[in-house]
Amino acid sequence: MKTLVLTLSCADRMGIVAAVGSAIAAQGGNIVESGQYVDRENGRFFMRVCCEVEESGSLEAFRKGFSPVGAEYSMRWEVHDAAVKPRVMIMVSQQGHCLNDLLYRHGTGQLPMELTSILSNHDTFRRRAEHEGVPFHHLPVTAASKAEQEAKLLELIREQRVDLVILARYMQILSDDLSKALSGRVINIHHSFLPSFKGARPYHQAHKRGVKLIGATAHYVTAALDEGPIIEQDVQRVDHSMTAEDMAAIGRDTECQVLARAVRLHLEHRVLLNDDRTVVFH
Ligand SMILES: Nc1nc2c(c(=O)[nH]1)N[C@@H](CN(C=O)c1ccc(C(=O)N[C@@H](CCC(=O)O)C(=O)O)cc1)CN2
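Residues numbered from 1 in each chain as written. Predicted model: local features only at pLDDT ≥ 70, side-chain atom pairs only at ≥ 80, totals over all residues. Heavy atoms only, no water.

Caption draft 1: Representation of the overall build of the protein in the model. Within the protein, the secondary structure is distributed over eight helices and 13 strands. Radius of gyration (C-alpha) of the protein: 20 Å, near the 19 Å computed for a compact globule of 282 residues. On the principal axes, the C-alpha backbone points of the protein span a range of 60 × 40 × 35 Å. Taken across its 282 residues, the protein has 48% of its residues classed as buried. Approximately 13900 Å² of the protein is accessible, and the part contributed by carbon and sulfur atoms is 50%. Looking at charge distribution, the protein has the averaged site of its 32 positive side-chain charges lying 2 Å from that of its 35 negative ones. (Helix = DSSP H or I, 4+ residues; strand = E, 2+ residues; numbered from the N terminus. Rg over C-alpha atoms; globule rule 2.2 N^0.38 Å. Buried < 20%, exposed > 50% of the residue type's maximum accessible area, 1.4 Å probe, protein only. Areas by Shrake-Rupley, 256 points an atom, 1.4 Å probe, with all protein chains shown as cover. Lys, Arg positive; Asp, Glu negative; His and termini not counted. Charge placed at Lys NZ, Arg CZ, Asp CG, Glu CD.)

Caption draft 2: Region of the structure containing the environment of R270. Along the polypeptide, R270 turns up in the loop between helix 8 (244-267) and strand 12 (271-274). The class of R270 is buried, set by a relative accessible area of 13%. Each C-alpha atom, one on R270 and one on M171, is 27 Å from the other, the two residues being 99 residues apart in sequence. Only 2.7 Å separates the side chain of R270 from the side chain of E268, close enough to count as a polar contact. (Polar contact = N/O pair within 3.5 Å; in protein donor to acceptor, adjacent residues only side chain to side chain.)

Caption draft 3: Layout of helix 8. Across its 24 residues, helix 8 extends 33 Å between first and last C-alpha, which sits within 8% of the 34 Å expected from 1.5 Å per residue. The sharpest bend along helix 8 comes to roughly 30 degrees, located at G251. Of the residues trailing helix 8, H269 is marked for its positive phi of about 55 degrees. (Expected span 1.5 Å × (residues − 1). Bend = angle between axes of the 7 residues up to and from the residue.)

Caption draft 4: Local environment of the environment of Q233. Within the element layout of this structure, Q233 appears in strand 11 (residues 230-237). By relative accessible area, Q233 is classed as partly exposed at 23%. Taking the C-alpha atoms as reference, Q233 lies 8.8 Å from T254; in sequence the two are 21 residues apart. Residues in contact with Q233, not counting those within four places in the same chain, are F193, L194, A216, T217, V258 and R261. There is a polar contact of 2.9 Å between the side chain of Q233 and the side chain of T217. (Contact = heavy atoms within 4.5 Å.)

Caption draft 5: Structural context of unusual backbone geometry. Cis geometry is adopted by the peptide bond preceding P195, which originates at L194 and carries an omega value of 10 degrees. The residue P195 is located in the loop between strand 9 (186-190) and helix 7 (202-209) in this model. Although it is not a glycine, F197 sits at a positive phi angle of roughly 60 degrees. For F197, the position within the fold is in the loop between strand 9 and helix 7.

Okay, structure coming up:
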């Protein structure tokens, strides 16, 4: 047997769960996990279903069999083979804590992903990537070369059939065009508890404000800087005696944990987009 993960959203109405369950059963699928949610504000229905099918069953056959229900309810839906690991590119600038954490978690099997490459606008982590046996791409960028650099980046993403890009403290703002082209496929870790302290140097912003909590936020990347749909967040206590650098040191662990949790949720197809928010099936 193999497990398929079906995720869907549509306008809420009576009978959706019954229709989905019947469509799965009609294809010989046995539901082993299911979750649903209705957003009363916008009237959207969200569902994530895991079902077991015969090993010989094809994803294309399941998609063909489910399509009539998808059309009937005007669903946005996807189905994935749970055993197929998404292909992931990690992007980093000069802070390596999140990169190192992701590499460790990948190496110990905590993150079910195929790591295609590591890409940076600096050469700092070339040896780290080579140590892991992961291809490394150095794409320096300036304001003048940004369009060319992003064109090369997009070419690599397409060549490597990348499903997910992780900005592991990659400190360049992606252009509006690139953000749109990769919508829903780029996760960034912002080192503050958004929506507080967007943009550059959030720990310095927080220190100046005299906060008693610092945080980290993993979110999908959109053209609006640090305003993309939030996937996961966490916080840590700080106090008046700490400098901005002290806060950054404390915050690094939180950044790693939040990013790893968000990446795993995405890899397991547990995150559904709900306009500028998310629905997360834990
Ligand atoms: N289109 C987007 N690109 C990026 C996002 C995003 O949400 N949308 N998140 C950032 C990461 N980030 C904070 O987490 C961040 C990175 C860089 C800056 C910034 O202002 N950097 C430079 C300017 C660089 C540039 O113009 O490209 C600066 O320090 O002035 C702010 C926040 C990743 N990209």
